[in-house]
Amino acid sequence: MHYLDHAATTDLRPEAADEWLRVAGATGNASSTHGAGQRARRILEESRERLAAALGCEPIEVVLTSGGTESVNLALQGLWRSRAEGRTEILLPDGEHHATLDTVAALAAEGAGVVAIGLDAVGRIPVDAFAAALAAEGVALATALVANNEVGTVNDAAALAASAAAAASVPLHLDAVAAFGHLPLSFAALRGEAPAGAGLVALSVAGHKIGAPAGTGALVVARTARIAPLLHGGGQQRGLRSGTQDVAGAAAFALAAELTVGEQVAEAVRLRRLRDRLAAGIQERVPSAELLGDPDPSGRLPGNAHLLFPGAPSESLLFLLDVAGISASAGSACQAGIAEPSHVVQALGRTETEARSVIRFTLGRTSSDDDVDAALAVIADAYARASGSSIRGR
Ligand SMILES: Cc1ncc(COP(=O)(O)O)c(C=O)c1O
């Protein structure tokens, strides 16, 4: 099997698995005052420190969660429920992940208004439009992806954060789930000298995207952020996320983060080469295939190659690739077995039919030339067969 869907989830790092097993074997609730509890607490707080170092923030700013979806929900719901009086608008760029879109939709039912920001043709949030929308009256909060998880386009997160810092009292959440481990990332550097409660105040990451176990994640929450919890109870983690903490998960996440961030620069070079070879090889074999996202390879996530295959339904291509031993994705939500047209591809100005004819290949730590060769060996045949099946009349 050749796994080219690392953006969905990537291999558990063996070191993280060992660390999880080692720590999970010890008894103790990190909130207990006895020796066993204090031992657990020490491991937990050391893990928080190591995560903070990997994320460029202070340990106290790391709120451990169950993953990206929970982090995004805590940020958006928490900021909305603590918003300044009279402010109701949420600034929402097109092409965000469903964790964001659906949370904002739920908040709209509570009275939130949505200010949409269109993407440019390569999938990037235009900084000018974002800044102009932030300056409008009544903005309660803003959110943005550091990098788009489907087409891989990297946003100018520093400029987005600076414009939020300049807009009086608008807090910004950044979704770094797709970017963490693939790009240099520092919460403190992005936050800069933003005033209390404004500018970048929250940043989401997920463990399973970097080789930690699924079920681990974090929301970085600035000390001065005003944010209401989703979970009420024992008051753990600054009262922002009550509940007994997952010490083994934290230890495994911290180790995976440390290793991934340490390897990030060299790994980006390695993945870019593989990714560019894959994209060029596909376009050689399927000349009508079009690479989406930023044509400048450094403007996309290092392991991301997202292609439009005109006339070939995504699900047919995915099926044929899967049968040939290649795991990829359409990069869009799939409910009850029916692939939705990608809202991200449509946000690039593409038609619904085009948005149903895309494949996202994503490479990661265990990817090799062998995986690229295997995909290149079957793509022309898969395309020929898939484009024979109609995508009309649906
Ligand atoms: C950009 C982005 N945000 C949020 C999420 C949700 O993260 P999780 O699957 O860890 O809940 C994902 C997952 O694919 C993502 O890519």
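Engineer: Help me get a handle on the pairing of strand 14 (residues 358-362), residues and values and all.
Structural biologist: In terms of residue burial, strand 14 counts as a mostly covered element, since five of its five residues are buried. Residues of strand 14 alternate between two faces, with V358, R360 and T362 on one and I359 and F361 on the opposite face, all of them buried. Of the pairings in the sheet, the one linking strand 10 (residues 304-308) to strand 14 comprises five bridges and is antiparallel in character. Bridge pairing in strand 14 places L308 opposite V358.

Engineer: Please give an account of the sheet that holds strand 4 (residues 113-117) that cites residues and values.
Structural biologist: Spatial ordering of the open sheet is given by 2-8-7-6-5-3-4, a layout of seven strands whose pairing is mixed. Every other strand in the sheet has two partners, leaving strand 2 (62-65) and strand 4 as the edge strands with one partner each. When the angles between neighbouring strand axes are averaged without regard to direction, this sheet yields 20°. Its contacts with the sheet place helix 3 (residues 68-81) against strand 2, strand 3 (89-93), strand 5 (139-145), strand 6 (171-175), strand 7 (199-206) and strand 8 (217-221), and it is angled at close to 155° to strand 7.

Engineer: Kindly report on the pattern of salt bridges, identifying the contributing residues and their values.
Structural biologist: Evaluated as defined, the whole model comprises 21 salt bridges. With a shortest N-O distance of 3.4 Å, R360 and D5 are connected by a salt bridge. On the criterion of sequence distance, the pair formed by R360 in strand 14 and D5 in the loop between strand 1 (2-3) and helix 1 (14-24) is long-range, its members being 355 residues apart. For R360, a relative accessible area of 6% corresponds to the buried category. For D5, a relative accessible area of 11% translates into the label buried. Note that R273 and D369 form a salt bridge whose closest N and O atoms lie 2.7 Å from each other. Taken together, the positions of R273 in helix 8 (residues 247-285) and D369 in helix 12 (residues 369-386) put the pair 96 residues apart, joining distant regions of the chain. Among the residues examined, R273 registers a relative accessible area of 44% and is labelled partly exposed.

Engineer: Describe in detail the packing of aromatic side chains, supporting the description with residues and values.
Structural biologist: A complete count under the given rule lists one aromatic pair for this structure. A cation over a ring is seen here: R83 above W80, with NZ or CZ 3.7 Å from the ring centre.

Engineer: How would you explain the pairing of strand 10 if you had to name every residue and give the values?
Structural biologist: Taken across its five residues, strand 10 has five buried, putting it largely inside the fold. Neither face of strand 10 is open: one carries N304, H306 and L308, the other A305 and L307, and all of them are buried. In terms of strand pairing, strand 9 (residues 290-291) meets strand 10 through two bridges, oriented antiparallel. Bridge pairing links E290 to L308 in strand 10.

Engineer: Let's hear about the environment of E45: which residues, and what values?
Structural biologist: Relative to the assigned elements, E45 resides in helix 2 (residues 35-55). When the C-alpha positions of E45 and G299 are compared, they lie 36 Å apart, and in sequence the two are 254 residues distant.

Engineer: For the layout of surface pockets, give the residues involved together with the corresponding values.
Structural biologist: Volume-wise, the largest pocket comes out at about 790 Å³. Here the lining of the largest pocket takes five residues from helix 8, the largest share from any one element. Grouping the amino acids of the lining of the largest pocket by side-chain chemistry returns 13 nonpolar, 21 polar and 10 charged. Two domains each put at least three residues into the lining of the largest pocket: domain 1 (2-8 + 264-386) and domain 2 (14-257).

Engineer: Give me the site of the ligand: which residues, what numbers.
Structural biologist: The environment of the ligand is made up of G67, G68, T69, H97, L145, N149, D175, V177, A206, H208 and K209. Contacts to the ligand include D175, whose side-chain N or O atom sits 2.7 Å from a nitrogen atom. Burial of the ligand by the surrounding chains reaches 85%, relative to a free accessible area of 390 Å². For the ligand, the cavity whose grid points lie within 2 Å of the majority of its atoms is the largest pocket. Looking at the shell around the ligand, its residues break down into three nonpolar, six polar and two charged.

Engineer: Give a description of the packing of helix 1 against helix 8 that names residues and reports values.
Structural biologist: The contact between helix 1 and helix 8 brings their axes to 8 Å, and the two run at 155°. As far as their axial angle goes, helix 8 and helix 1 are roughly antiparallel. Taken as a pair, helix 1 and helix 8 cross one another with a handedness that is right-handed. Seen from helix 1, the contacting residues are E15, A16, E19, W20, V23 and A24; seen from helix 8, they are V247, A248, G249, A251, A252, L255, A256 and L259. Here the contact of helix 1 with helix 8 is composed, by residue class, of 11 nonpolar, one polar and two charged.

Engineer: Can you lay out the domain arrangement of the protein for me, pointing to particular residues and giving the numbers?
Structural biologist: Size of an interface: often given as the accessible area lost when the parts come together. Under the domain assignment, the protein is made up of domain 1 (2-8 + 264-386) and domain 2 (14-257). For domain 1 versus domain 2, the separation of C-alpha centres amounts to 28 Å. In this complex, domain 1 contributes 24 residues to the contact, which on the side of domain 2 involves 28 residues. When domain 1 packs against domain 2, close to 2,000 Å² is buried across both sides, 55% of that on carbon and sulfur atoms. Its largest share of buried area at the contact with domain 2, domain 1 owes to Q264, L301 and H343, together 29% of the area lost on that side. Here domain 1 is connected to domain 2 by one salt bridge. Its salt-bridge partner being R124, residue D294 comes within 2.8 Å of it at the nearest N-O pair. Counting every contact that joins domain 1 to domain 2 gives 11 residue pairs in polar contact (both at pLDDT 80 or more). Residue assignment for the side of domain 1 that touches domain 2 shows that the elements contributing at least two residues are strand 10 and helix 10 (343-347). The leading source of residues in the side of domain 1 that touches domain 2 is helix 10, at three residues. A per-class count over the side of domain 1 that touches domain 2 returns 11 nonpolar, nine polar and four charged.

Thresholds, definitions, all that
Residues numbered from 1 in each chain as written. Predicted model: local features only at pLDDT ≥ 70, side-chain atom pairs only at ≥ 80, totals over all residues. Heavy atoms only, no water. Buried < 20%, exposed > 50% of the residue type's maximum accessible area, 1.4 Å probe, protein only. Helix = DSSP H or I, 4+ residues; strand = E, 2+ residues; numbered from the N terminus. Pairing = 2+ DSSP bridges. Axes fitted to C-alpha atoms, helices over the stretch in contact; angles between N-to-C directions. Contact = heavy atoms within 4.5 Å. Salt bridge = Lys/Arg side-chain N within 4 Å of Asp/Glu carboxyl O. Phe/Tyr/Trp six-rings, centres within 6.5 Å; stacked < 30°, edge-to-face > 60°. Lys NZ or Arg CZ within 6 Å of the ring centre and 35° of its normal. 1 Å grid on protein atoms, 1.4 Å probe; cavity = no way out; pocket = protein on both sides within 12 Å on 5 of 7 lines; lining within 4 Å. Points joined across faces, edges and corners; volume = space filled by probe spheres on them. Nonpolar A, V, L, I, M, F, W, Y, C, P; charged D, E, K, R; others polar. Domains from an automatic or database assignment. Near = heavy atom within 4 Å. Polar contact = N/O pair within 3.5 Å; in protein donor to acceptor, adjacent residues only side chain to side chain. Areas by Shrake-Rupley, 256 points an atom, 1.4 Å probe, with all protein chains shown as cover. Sits in = over half its atoms within 2 Å of the grid points. Parallel < 35°, antiparallel > 145°, perpendicular 65-115°, else oblique. Left-handed = near helix turned anticlockwise from the far one by under 90°. Buried area = accessible area lost by both parts, 1.4 Å probe.

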